[in-house]
Amino acid sequence: MQENLLLAIIMGISLAGLVAAYLFYKWVAVKETGTPAMVAIGDDIREGANAFLKRQNSTIIKMAAAVAVVLFVGYGYARQHQAFDPVGTSGEFAFWITLSFILGALCSVIAGYVGMWVSIRSNVRAAAGALKGANELLQIALRGGAVSGLMVVSMSLLGVGGLFILVKAFTTVDPVKIPFLIVGYGFGASFVALFAQLGGGIFTKAADVGADLVGKVEHGIPEDDPRNPAVIADLVGDNVGDCAGRGADLFESTAAENIGAMILAGVMAVTVPGADPKWIMGVMMFPLLSRALGIVASVIGVLVVSIREDEAPMEGIKRGYFITAALYVVTLGAACWLLFDHPSAPNAWLYLFGTGIIGLLTSVAFLFITQYYTDSAYRPVKEIVDASKTGPATNVISGISIGMECTALSSIAISVALLSAYYLGNLSGFPNAGLFGTAVATMGMLGPAAFILALDTLGPIADNAGGIIEMSKQSKATRERTDKLDAVGNTTKALTKGYAIGTAALAAFLLFRAYIDEVNNYGYHLESVDMAKPAVFVSALLGAALVFVFSSFAIRAVGKVASIIIEEVRTQFREKPGILAGTENPDYGRCVDHATKGALFFMIGPGLIAVVTPIGVGIAFKQLGIGAEAVASFLMVGTISGILLATVLNNSGGAWDNAKKFIEEGNLGGKGSDAHKAAVVGDTVGDPFKDTAGPSIHVLIKLLATVTLVFAPLFI
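Residues numbered from 1 in each chain as written. Predicted model: local features only at pLDDT ≥ 70, side-chain atom pairs only at ≥ 80, totals over all residues. Heavy atoms only, no water.

Draft legend 1. Representation of the overall build of the chain in the model. What the chain contains, in helices and strands, is 21 helices and 0 strands. A compact globule built from 716 residues should have a C-alpha radius of gyration of about 27 Å, and the chain, at 25 Å, falls within 12% of that. Expressed as lengths along the three principal axes of its C-alpha atoms, the size of the chain is roughly 80 × 50 × 45 Å. Expressed as a percentage of contacts within the chain between residues at least 6 apart in sequence, the contacts between residues at least 24 apart total 84%. For the chain, the accessible area works out to roughly 23100 Å², and carbon and sulfur atoms hold 65% of it. Taking the 48 positively charged and 55 negatively charged side chains of the chain as two groups, their mean positions are separated by 3 Å. (Helix = DSSP H or I, 4+ residues; strand = E, 2+ residues; numbered from the N terminus. Rg over C-alpha atoms; globule rule 2.2 N^0.38 Å. Contact = heavy atoms within 4.5 Å. Areas by Shrake-Rupley, 256 points an atom, 1.4 Å probe, with all protein chains shown as cover. Lys, Arg positive; Asp, Glu negative; His and termini not counted. Charge placed at Lys NZ, Arg CZ, Asp CG, Glu CD.)

If you want it as structure tokens, here you go:
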């Protein structure tokens, strides 16, 4: 197929995705907003979220601007032009790398902001929908979430595709080498996503921990009780962490992985005997076309989700997901046949289609693994519930052991996927197609990303809707509807984290291999990493240590800011005794302000460590003539450590959360019992695990890859 036609289809579907997002928003926006009390609570949440995100984005943009200057100076002046560079001058190289970084950063900011902007307008409408019925509540929450999912995937494609078109139009560079010029786009997206996820995660969990420990444990008041001064900060946190943070997270995932897959596609395609330039370009466009087809499938999947009043919300969601997956499989097969059909290997498209199916099945496997370890219907959560009978200590011990245990199944799933995709790719008949097979598997896993992200954003919308219903004192039947969807939202958020770490694991190998290919393209022969060299071993050790130090900083930040929130809530209860009696109103704004200041202050340290460390390792070991290989070792072992630690943190935190909710449903004495108090402590420990450090490691893994891709020429 003609390259220009392919690009037109990709860009057209991406624009159609934005139009679909707008139409979903318009559908949600015309819904009723409920009673005046519900509107007032929704306004408080919106104001707090807007204030936080405005200050956070201002901080991130300033730091991104400084990095852009470093990139331009580093490429344009500090590094001498080399004959193997994709463009003719250092200045031109610096321009494209810096431009792509700036565009990636800006698009990531926009993607995160739009997700939050729609969420804080959907929550009150979802709450009003709950007054009518369960189906109305579910559809408003899901379609509000779909706006974020479609924006993220569509903007990622538009950014990568648009940059490809710009470079092709304004330079004479070999199209196969264009991805090396636009790797800055993934770095910019990763840079913003890391700080967005860190800042939002610190805010949301500090507010949540503060509200729970003083409200539930010390004073025995229910969750989302309007007497709790931290309740609005808690509801704000759901939006800035799970919507804005996760939106930026998955945006950078799709951007970085698209570029990495294009690099591997180009490396493989040019070695195919008799391959003409048009066919090579078609193969390079496959990652973008694959993602575009996922947009179409996701829109249809969201549209078909509905339930009967007596039906569980998860049943409707499952139908939507499987329809999305089925549609994607059909279109993926057509794309493989269209782009990979070649006389030298007539059945190659079937083998590569098979690798895409492997990726999609891996995403399903991760969803089931996560559900098994975090759903109260299964053994792991039941063990934590049982351990709660004997106090907080045994609850925490049980939760940590469950988190460590779950790495086994996750590692097996990743291993099976990578090996199967690699060997199936090798059987395709194309030379060196094993590595490209793993890239196609990653694209297959990312196919339904827009639908999955819609489910992730559904969680905070449902949580906020439940809080609004509780605070505005609506009927018990209405609260039961929101409680059911809130429970589903907690499950879908946990599933999305499992999906995110699964995609990160497959993408990590893809991006690691893309780094090796980039280094080879710049004239440094590197086919393998020799861990027997002391410098290479030390680099690997530093990569693993970075993951643990980064997680320590993130978890500690939640503890420090939560302490500030706890003291603020205690102070308000002490100064205004009428708050607990219901005769005085708490000052919600003070808690929001404390959480905002603390989150923005504490996000900077771990974020900068993550960016600076791999660059420092590369430049330091360059003096020994081994910079590129040392960074490869750092990236490889750091990524493996990150995958395992993120799995521990995500699943243990989710298991603690659902163990608490299981007891709150009336089991083991229900709310206020000793078992419940123990479970609240466990959930409090798990909060920064699953909503701050764990999701931030997802971003860290890909940030390390994009940093090394961008700075690779400086390590040689």
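Draft legend 2. View of the nonpolar core. Among the nonpolar cores identified, the biggest contains 256 residues, and F187, F340, F430 and Y515 are the most heavily contacted of them. By residue number, the principal contributor to this core is helix 7 (residues 231–269), which donates 19 residues. Setting aside residues no more than four positions away along its own chain, F430 makes contact with M268, V272, W279, F340, H342, S344, A345, A348 and L352. (Core = buried A, V, L, I, M, F, W, Y, C linked by side-chain atoms within 4.5 Å. Buried < 20%, exposed > 50% of the residue type's maximum accessible area, 1.4 Å probe, protein only.)

Draft legend 3. Main features of unusual backbone geometry. We note that N432 has phi near 55 degrees; this positive angle belongs to a residue other than glycine. For N432, the location among the structural elements is in the loop between helix 13 (407–426) and helix 14 (433–446). Backbone geometry at K473 places phi at a positive 60 degrees, although glycine is not the residue there. K473 sits in the exposed class, given a relative accessible area of 66%.

Draft legend 4. Seen up close, a nonpolar patch on the surface. Where nonpolar side chains cluster on the molecular surface, the patch consists of V296, I300, L303, V304, I323 and L327 and spans about 420 Å² of accessible area. Those elements giving two or more residues to the nonpolar patch turn out to be helix 8 (277–303) and helix 9 (313–340). Examining the composition of the nonpolar patch, we find that 3 residues originate from one element, helix 8, more than from any other. Assignment of secondary structure puts V296 in helix 8. (Patch = residues over 30% accessible without salt bridge, like charges linked within 9 Å, V, L, I, M, F, W, Y side chains within 5 Å. Salt bridge = Lys/Arg side-chain N within 4 Å of Asp/Glu carboxyl O.)

Draft legend 5. Layout of the packing of helix 10 (residues 348–374) against helix 11 (residues 379–387). For the pair helix 10 and helix 11, the least separation of the axes is 5 Å and the interaxial angle reads 20 degrees. By the criterion of interaxial angle, the relationship of helix 10 to helix 11 is roughly parallel. Between helix 10 and helix 11, the residues in contact are Y372, Y373 and T374 and R379, P380 and V381, respectively. In terms of residue class, the contact of helix 10 with helix 11 is made up of 4 nonpolar, 1 polar and 1 charged. (Axes fitted to C-alpha atoms, helices over the stretch in contact; angles between N-to-C directions. Parallel < 35°, antiparallel > 145°, perpendicular 65-115°, else oblique. Nonpolar A, V, L, I, M, F, W, Y, C, P; charged D, E, K, R; others polar.)

Draft legend 6. Region of the structure containing the environment of A111. Structurally, the position occupied by A111 is in helix 3 (residues 90–130). With relative accessibility at 0%, the residue A111 sits in the buried group. When the C-alpha positions of A111 and C243 are compared, they lie 9.7 Å apart, and in sequence the two are 132 residues distant.

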